[in-house]
Amino acid sequence: MKLESWSGLSKGGITAVPGFKAAGIHCGIRKNRDKRDLALILAETECAAAAVVTTNKVKSAPLLLTMENLAKTGGRARAILCNSGNANACAPGGTEAAVKMVNAAANELNIDPSQFIVNSTGVIGFPLPVDVIAAGTPELVQKLSTDNIPAAEAIMTTDTFPKSYAARFEIGGKTVTIGGIAKGSGMINPNMATMLAFIATDCAISPKMLQKALRESTKISYNQVSVDGDTSTNDMCAILASGTAGNAEITGECADYDEFLDALNFINLSLAKDIARDGEGATKLLICRISGAATYEDAARLSKSVISSSLVKSAMFGADANWGREMCALGYSGANFNPATVDIRFSSYVGEIAVCRQSVGLPFDEDLAAAILGEKEITIEITLADGDFSAEAYGCDLTYDYVRINGDYRT
């Protein structure tokens, strides 16, 4: 597909989509007044809406309220409301606080509370200070604009940078825009991590097909990310589609659906890689690419097993080409593959080096290997001889800072 894409800053992200505005403020949930902690995304018109949420059996109150709202409206919504600094999960009065939070915004915007997708992110188990959220809502609404960075910053927790992408493409001769923001740095092992992604588009697509596209896209993007192996109680990827681009509504699988899915994949893969890149304490983005697998499921499971391995992640931090750790992670993945026909290569901007062929170690230049693994983006290329399927997974190195950050996260 012909895809014009850009990233970040004022012209990108979720507000690159015509008819969408966003805002982010500090309302008082977080002690640091320099950190925004409340975000709002608003569409001018009612949208088709879809969400994919955590597989963790323990789910936050706002996440459950979102699923209730989408069921009530038949997959329609107009706004996304999210706070950081408090997860409102396993919290006293969590359901009531989530409802009160939405009602405050709904009253200020004069729209039905069921038109909201809502979530929270932060520390688990503490009461959500919903009174400061309600008090801050008028300012939040007043600051709605086409700059998406304040909202992208307001959903961050331990992230070191806002994550924001947008793209334009054509469907049926009509220009369509799609954009999104995301947060995620620790407790990242989505099986939809703490990760949130909010997407907007002006494409005309039915709620049913929007939900289908979102599930397909998250399967190859966020579900293939792991920072630390922990799946959060609050994970969510949600999307609003206003339909104002003027294309014929997508109501089934067709060429237009494929075009839309390609664009959605671009946004979600870009955001997913940034989540992995920004893992807590991380210094390197790791990409594991499996090819030659018997099925996609095998390739996906194998690649994610490799980037989830603490030993692999530690070796990458130390720029140590200890490829036996990749072999080990393949072996316990639970996927089907022939363990006697595995080739492994490491590559980065510096170059590429083969370290294993047919599951046997190769002599290699240790200095070149260390230089390759010293870069900020490393690809672990693993080739099998079992079939024609491939998959990628995204992770980061494991550093001393990860332990430091999580050793006193709450205090």
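This one's a predicted model, so the numbers in the text were calculated from it and none came from an experiment.

Got a minute to help me understand the pattern of salt bridges in this structure?
Proximity of charged atoms lets side chains of opposite charge pair with each other. A complete count under the given rule lists 15 salt bridges for this structure. The closest approach of N and O atoms between lysine 100 and aspartate 131, which form a salt bridge, is 2.7 Å. With a gap of 31 residues between them, lysine 100 in helix H2 (residues 94-109) and aspartate 131 in helix H3 (residues 130-142) connect regions that are remote in the sequence. A salt bridge links glutamate 297 to lysine 219, with the nearest nitrogen and oxygen atoms 3.6 Å apart. One end of the pair, glutamate 297, is in helix H7 (residues 296-308); the other, lysine 219, is in helix H5 (residues 207-220), with 78 residues separating them in the sequence. Exposure remark for glutamate 297: the relative accessible area of 47% places this residue in the partly exposed category.

Would you take a moment to explain the side chain of aspartate 202 for this structure?
With respect to the secondary-structure elements, aspartate 202 resides in the loop between strand S8 (196-201) and H5. Of the side chains with opposite charge, arginine 168 comes closest to the buried, unpaired aspartate 202, at an N-O distance of 7.3 Å.

Sorry, what's going on with the nonpolar core here?
Note that soluble globular proteins tend to have their nonpolar side chains buried in a common cluster. Core analysis: the biggest nonpolar cluster contains 39 residues, and Ile178, Ile199, Ile205, Leu210, Tyr222, Ile239 and Phe260 have the highest contact counts within it. Listing elements by their share of this core, those giving two or more residues are strand S3 (38-53), strand S6 (163-171), strand S7 (174-183), S8, H5, strand S9 (236-241), helix H6 (255-277) and strand S10 (285-293). Per element, the largest residue contribution to this core is 10 residues, and it comes from H6. Those residues in contact with isoleucine 178, other than ones at most four positions away along the chain, are Val17, Ala166, Ala167, Phe169, Ile199, Ala200, Thr201, Phe260, Ala263, Leu264 and Ile267. Core analysis: the next-biggest nonpolar cluster, separate from the first, contains 34 residues, Val306, Phe346, Ile353 and Cys356 among them.

What is the right way to read the environment of leucine 285 from this model?
Among the structural elements, leucine 285 can be located in strand S10. Those residues within four positions of leucine 285 in sequence are excluded, and the remaining contacts are Lys273, Ala276, Arg277, Lys376, Glu377, Ile378 and Gly395.

Just checking my understanding: could you explain the sheet that holds strand S14 (residues 377-383) for this structure?
In sheet architecture, strand pairing relies on hydrogen bonds along the backbone and comes in two forms, parallel and antiparallel. A sheet is described by the order of its strands in space; here six strands give the open sequence S13-S12-S11-S14-S10-S15, paired in mixed fashion. Across the chains shown, the open sheet's two edge strands, defined by having one partner strand only, are strand S13 (360-361) and strand S15 (389-396). As defined by bridge partners, S10 adjoins S15 across seven bridges and the pair is classed as antiparallel. Opposite cysteine 288, over in S15, you have alanine 393 as the bridge partner. Contacts between H6 and the sheet are confined to S10, S14 and S15, with S15 contributing the most and set at about 40° to the helix. Its contacts with the sheet place helix H8 (residues 310-317) against S10, strand S11 (343-348), S14 and S15, and it is angled at close to 130° to S14.

Would you explain unusual backbone geometry in this entry?
When glycine is set aside, most residues are seen to have a negative phi, and most peptide bonds are trans. For asparagine 88, which is not glycine, the phi dihedral falls at a positive 50°. For asparagine 88, the location among the structural elements is in the loop between strand S4 (76-84) and H2. For asparagine 88, a relative accessible area of 1% translates into the label buried. One non-glycine residue with positive phi stands out, namely cysteine 90, at about 55°. Along the chain, the position of cysteine 90 falls in the loop between S4 and H2.

So what exactly am I meant to see when it comes to the packing of aromatic side chains here?
Each aromatic ring pair is characterised by the separation of its centres together with the angle its planes make. The final tally for this structure, using the stated rule, is one aromatic pair. With a centroid separation of 5.3 Å and 90° between ring planes, the pair formed by phenylalanine 317 and tyrosine 400 is classed as edge-to-face. One end of the pair, phenylalanine 317, is in helix H8; the other, tyrosine 400, is in helix H11 (residues 400-407), and 83 residues separate them in sequence. Of the residues examined, tyrosine 400 reaches a relative accessible area of 69% and is grouped as exposed. Taking NZ or CZ as reference, lysine 163 lies 4.3 Å from the ring centre of phenylalanine 161, over its face.

Help me understand the pairing of S14, please; the structure alone is not making it clear to me.
Counting buried positions along S14 gives five out of seven residues, so the element sits mostly inside the fold. Direction of pairing for S10 relative to S14: parallel, over a ladder of seven bridges. Each residue of the ladder has a partner; that of cysteine 288, found in S14, is isoleucine 380. Of the pairings in the sheet, the one linking S11 to S14 comprises five bridges and is antiparallel in character. Along S14, the bridge assignment pairs arginine 345 with glutamate 381.

I'm lost on a negative patch on the surface in this one. Help?
Taken together, the side chains of Asp320, Asp365, Glu366 and Asp367 define an acidic patch exposed on the protein surface. With respect to the helices and strands, the residue aspartate 365 is situated in the loop between S13 and helix H10 (366-373).

What is the right way to look at the pairing of S8 in this model?
The side chains of a regular strand alternate, first on one face of the sheet and then on the other. Summarising burial for S8: six of the six residues are buried, a large majority. With six bridges connecting them, S7 and S8 associate as antiparallel partners. Considered in S8, the bridge of isoleucine 178 is made with threonine 201. Sheet topology note: the S8/S9 ladder contains six bridges and is parallel. The residue of S9 that forms the bridge with alanine 197 is cysteine 237.

Here is what the cut-offs are and how they apply
- Residues numbered from 1 in each chain as written.
- Predicted model: local features only at pLDDT ≥ 70, side-chain atom pairs only at ≥ 80, totals over all residues.
- Heavy atoms only, no water.
- Salt bridge = Lys/Arg side-chain N within 4 Å of Asp/Glu carboxyl O.
- Helix = DSSP H or I, 4+ residues; strand = E, 2+ residues; numbered from the N terminus.
- Buried < 20%, exposed > 50% of the residue type's maximum accessible area, 1.4 Å probe, protein only.
- Lys, Arg positive; Asp, Glu negative; His and termini not counted.
- Core = buried A, V, L, I, M, F, W, Y, C linked by side-chain atoms within 4.5 Å.
- Contact = heavy atoms within 4.5 Å.
- Pairing = 2+ DSSP bridges.
- Axes fitted to C-alpha atoms, helices over the stretch in contact; angles between N-to-C directions.
- Phe/Tyr/Trp six-rings, centres within 6.5 Å; stacked < 30°, edge-to-face > 60°.
- Lys NZ or Arg CZ within 6 Å of the ring centre and 35° of its normal.
- Patch = residues over 30% accessible without salt bridge, like charges linked within 9 Å, V, L, I, M, F, W, Y side chains within 5 Å.
- Areas by Shrake-Rupley, 256 points an atom, 1.4 Å probe, with all protein chains shown as cover.
- Charge placed at Lys NZ, Arg CZ, Asp CG, Glu CD.

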